[in-house]
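Next come the chains, spelled out residue by residue.
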Amino acid sequence: MSKLVDLGDIQTHAWVPFMLQHRVRSSNSVTRRHRKFLALHKRILLVNNSPNSKGGSRYPPFGEHPPDRPLRIGYFTYDGSFKAVPAAERAVLHIKSRLEAMGHKLIPWQPPCPGSECFEMFLTALFVDGGARLVEMLQYDEVEQSMFLGLKIFKSWRLTRRIKWILAKLFSHPDNLIYMRAVNYVTDVPTLTQHVNSLEEFRYRWYDNWRESNLDAVLCPAFGMAAPVPVRTTRSFAGMLTYLHLFNITNMPAGSVPSGICVTEADLAPLRASLGQKDGNKPVKLAPGVTPYPIDRPWQKAAAELQVDTLGMPVGVQVAAAPWHDEMCLHVMREVERAARGVSQPGPTN
């Protein structure tokens, strides 16, 4: 008979891995029960593959329980490529100050490579088959207008893609070349092997930097902006997705948490000023020290245009932890939730 493991209201057979599928719903708060369940999951499925079992591994060490001490949390508001809108930056700084008031240590930290490099690495991995799988999945689905161009490229012949790539090099903005390079990179087994090796070294750069910085977690924008308005648009704002792809491609646990703030008129003023909008017949007046939002890149201009009507919308932040440290990620997410509610003391670690 299998052994039953009791975790509060969770009961599961410890010897059946596929039964260990308890989902943490985004509408629920992060609880101690979720962290305990993940600890059990890792003990059963992952402990034999733990980086600690491999001598000289460059992965951060395997861990289960969050430390009973103030946390060292790195934070950044700019990934080095695509600037988050003012509301998204303010959300990170707001939570930073709240976490510091709770006794945690917040350290400025910058990713070891720009967001555009992460984004291209992610797209290359995603479209390693030239987008064939995506085309198959969306064959009978309703496709957003913003995806039409990409699907058209994926459906085209490889020679046609190469020609479009050359034309994009000559006439398009460098940001738009990321898609074309990603789709055209893997053409045979040697280029696939090269991509896999590049991806491994790319991750090692992150892990080495993380260990040198001695971080428990990282706090950053979740999406780079609030929800776009209108939601269904032909504009491409893919650049803002880099904040999500940073931890997807590096295989690091991450989650988004409400920051407790909403978009204000002061957040929108730099966007409106950069787009040339006016207050009546006068240019938008900015507060001292505030500069217009940069729109010199196509994706950032699209982001500004999709944010000028977001007054009052909530803004989230993102928390990420080292690989194999899912419990730490959930623990810090709970601390961020407490900070957003104005709690002044850190929560329990068990």
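Looking up the protein chain in an unreviewed UniProt entry gives the name Amidase domain-containing protein, with the organism given as Fasciola gigantica.

**A word on a nonpolar patch on the surface**
A cluster of nonpolar residues, L159, I163, I166, L167, L170 and F171, forms a patch on the protein surface that exposes about 680 Å² of accessible area. Counting through the fold element by element, L167 comes out in helix α6 (residues 158–171). Given the relative accessible area of 42%, L167 is considered partly exposed.

**Things to note about the nonpolar core**
L99, W206 and L219 are the most contacted members of the largest nonpolar core, which totals 79 residues. A total of seven residues in this core trace back to one element, the largest contributor, which is helix α12 (residues 326–340). In contact with L219, not counting residues within four places along its chain, are I73, G74, Y75, F76, V92, I95, K96, L99, V317, Q318 and V319.

**Overview of helix α9 (residues 242–249)**
Burial within α9 is extensive, with six of its eight residues counted as buried. Looking at the buried side of α9, the elements it contacts are α3 (115–126), α8 (189–213), β5 (217–221), β6 (254–262) and β9 (314–321).

**Here's the deal with the sheet that holds strand β4 (residues 105–108)**
Read across the open sheet, the five strands follow the order β4-β3-β5-β9-β6; overall the sheet is mixed. The strands lining the two open edges of the sheet, one partner per strand, are β4 and β6. Looking at each pair of strands side by side, their axes are set apart by 30° on average, direction ignored. Bridging between β6 and β9 involves seven bridges; their strand directions are antiparallel. Within β9, the position partnered with C262 by the bridge is P314. Running at roughly 95° to β6, helix α2 (residues 86–101) makes contact with β3 (72–75), β4, β5, β6 and β9 of the sheet.

What counts and how
- Residues numbered from 1 in each chain as written.
- Predicted model: local features only at pLDDT ≥ 70, side-chain atom pairs only at ≥ 80, totals over all residues.
- Heavy atoms only, no water.
- Patch = residues over 30% accessible without salt bridge, like charges linked within 9 Å, V, L, I, M, F, W, Y side chains within 5 Å.
- Areas by Shrake-Rupley, 256 points an atom, 1.4 Å probe, with all protein chains shown as cover.
- Salt bridge = Lys/Arg side-chain N within 4 Å of Asp/Glu carboxyl O.
- Helix = DSSP H or I, 4+ residues; strand = E, 2+ residues; numbered from the N terminus.
- Buried < 20%, exposed > 50% of the residue type's maximum accessible area, 1.4 Å probe, protein only.
- Core = buried A, V, L, I, M, F, W, Y, C linked by side-chain atoms within 4.5 Å.
- Contact = heavy atoms within 4.5 Å.
- Pairing = 2+ DSSP bridges.
- Axes fitted to C-alpha atoms, helices over the stretch in contact; angles between N-to-C directions.

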